[in-house]
Amino acid sequence: DDVVGECHADSAFTDSRVYFDNKQSLASVKLTVNSDDRHDGTAGSGVVIRPTAGSGHNNAIIDVNIDNFIMEWIDIDLGSLDAQNTNKAVVLRGTNDDNIIRNNLIHDKGGNPGGTGPFLIHALTGTSGSGDTLSILNNIIYSIIETSNDNAAAMLLDAWAGTVNAYNNTIYNVQSAGGTKVAIGIRAARISGSTANVKNNIVAGLVSAASNGERAYEHGAANGGSGTLNEAYNLSDDTSATAYDASGTGSLIDKSLAEIDFVNTVAGSEDLHLDTDSVCREAGVDLGTTNGVNIDIDQVDRDATGVTWDMGADQASTAEASGSPAFMMFLD
């Protein structure tokens, strides 16, 4: 009833598009990675999908139109596609109830893919209404650079008509091109009756030539919508336009890259784990264990280890010792 496709890191996969459009009578479909071959939160360290040909404009490398689908622990590298028409890494086409996209790396889309800019995770209209749920958890998405008069976005979730949970994601370096084009971290809560739960995310490094074009969080009324937004404990950095800063309880705004303190932001060797001085450490909220939201980008279980949750995909801080410290006595 439940089919699992397990990937191994023997070589890079080069398929330009895999379309999950019919699961027959199966209860669920999971695309995952063998536990010994999972990435360590940095590019190239695990199972890599690195297409060499275009997927077709507005198609995606992983294209999904089935319910009960999970994709996890995959590294999607778009670095060979700058001259190709691929503009999306993951598309959720509408039949996507109980879909979970978690613990993935998605990165390095540059160039001009065509009539629509790069939108790396894109949820299209949910046909089943408010009863359907998407969960996008603990992903790292970075280096999305449009070069010819178009928008750019890490997550476009605003067309989803049901509930979407965007939790503990790290987004860095989103660049649009053109005087009216915008750079978006997370867009959600536009459709009337929809609900977007957006918590514990980091959005940093936005570049846009448009007025107020740096949009870390473009939600609800901010993008002409009327969906319900539950937003808290997110971070937007000092590149975000004020109208699109993180909002809600516990959120942090106007933080510098130094204050976020990623391990490395050098192009081509990014490491978006949190370093020791990050303001994101212990600044998140406990989100429980549903759908594995507690498992960070390094397979750390935030729930079992008793930590105070960090913002973003990486749980860098650890639990404090409690009780009396241990000691040893050496006897001759």
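Residues numbered from 1 in each chain as written. Predicted model: local features only at pLDDT ≥ 70, side-chain atom pairs only at ≥ 80, totals over all residues. Heavy atoms only, no water.

A.B. asks: For the pairing of strand β25 (residues 271-274), give the residues involved together with the corresponding values.
C.D. replies: The side-chain alternation of β25 yields two buried faces, one formed by Asp-271 and His-273 and the other by Leu-272 and Leu-274. Pairing between strand β24 (residues 262-264) and β25: two bridges, direction antiparallel. By the bridge assignment for β25, Asn-264 is matched with Asp-271. Where β24 folds back onto β25 in an antiparallel hairpin, the turn is made up of six residues, including Gly-268, whose phi is positive at roughly 95 degrees. (Buried < 20%, exposed > 50% of the residue type's maximum accessible area, 1.4 Å probe, protein only. Helix = DSSP H or I, 4+ residues; strand = E, 2+ residues; numbered from the N terminus. Pairing = 2+ DSSP bridges.)

A.B. asks: Tell me about the pattern of salt bridges, residues and numbers included.
C.D. replies: Counted under the stated rule, the structure contains seven salt bridges. Across the pair Arg-17 and Asp-63 runs a salt bridge whose closest N-O atoms are separated by 3.0 Å. One end of the pair, Arg-17, is in the loop between β1 (2-7) and β2 (18-20); the other, Asp-63, is in strand β5 (residues 62-64), and 46 residues separate them in sequence. A residue is classified by how much of its surface remains accessible, and Arg-17, at 30% relative accessible area, is partly exposed. With a closest N to O distance of 2.5 Å, Arg-215 and Glu-218 form a salt bridge. Comparing Arg-215 with Glu-218, the two get one shared label, buried. Through salt bridges that share partners, Arg-17, Asp-63 and Arg-93 make up one connected network. (Salt bridge = Lys/Arg side-chain N within 4 Å of Asp/Glu carboxyl O.)

A.B. asks: Before we move on, could you go through the sheet that holds strand β17 (residues 183-188) and cite the residues and values that matter?
C.D. replies: Read across the sheet, seven strands follow the order β2-β5-β8-β11-β14-β17-β20 without closing on themselves; strand pairing throughout is parallel. Of all strands in the sheet, those bounded by a partner on one side alone are β2 and β20 (214-219). Averaged over all adjacent pairs, the angle separating strand axes in this sheet is 15 degrees, with direction ignored. For strand β11 (residues 119-123) and strand β14 (residues 152-156), the ladder comprises three bridges, and the chain directions are parallel. Residue pairing across strands places His-122 opposite Leu-156, the latter belonging to β14. (Axes fitted to C-alpha atoms, helices over the stretch in contact; angles between N-to-C directions.)

A.B. asks: Residue-level account of the packing of aromatic side chains, with values.
C.D. replies: The final tally for this structure, using the stated rule, is two aromatic pairs. With a centroid separation of 4.8 Å and 45 degrees between ring planes, the pair formed by Phe-20 and Phe-69 is classed as tilted. With Phe-20 in strand β2 and Phe-69 in strand β6 (residues 69-72), this residue pair connects regions lying 49 residues apart in the sequence. Relative accessible area serves as the criterion here: at 18%, Phe-20 is assigned to the buried category. Accessibility expressed as a relative area gives 0% for Phe-69, which makes it buried. (Phe/Tyr/Trp six-rings, centres within 6.5 Å; stacked < 30°, edge-to-face > 60°.)

A.B. asks: Can you break down unusual backbone geometry residue by residue, with the values?
C.D. replies: In the Ramachandran plot, Trp-73 falls in the positive-phi region, its phi being about 65 degrees despite a non-glycine side chain. Note on placement: Trp-73 falls in the loop between β6 and β7 (75-77). A positive phi is found at Asn-291, a non-glycine position, where the angle reads about 60 degrees. Counting through the fold element by element, Asn-291 comes out in the segment after β25.

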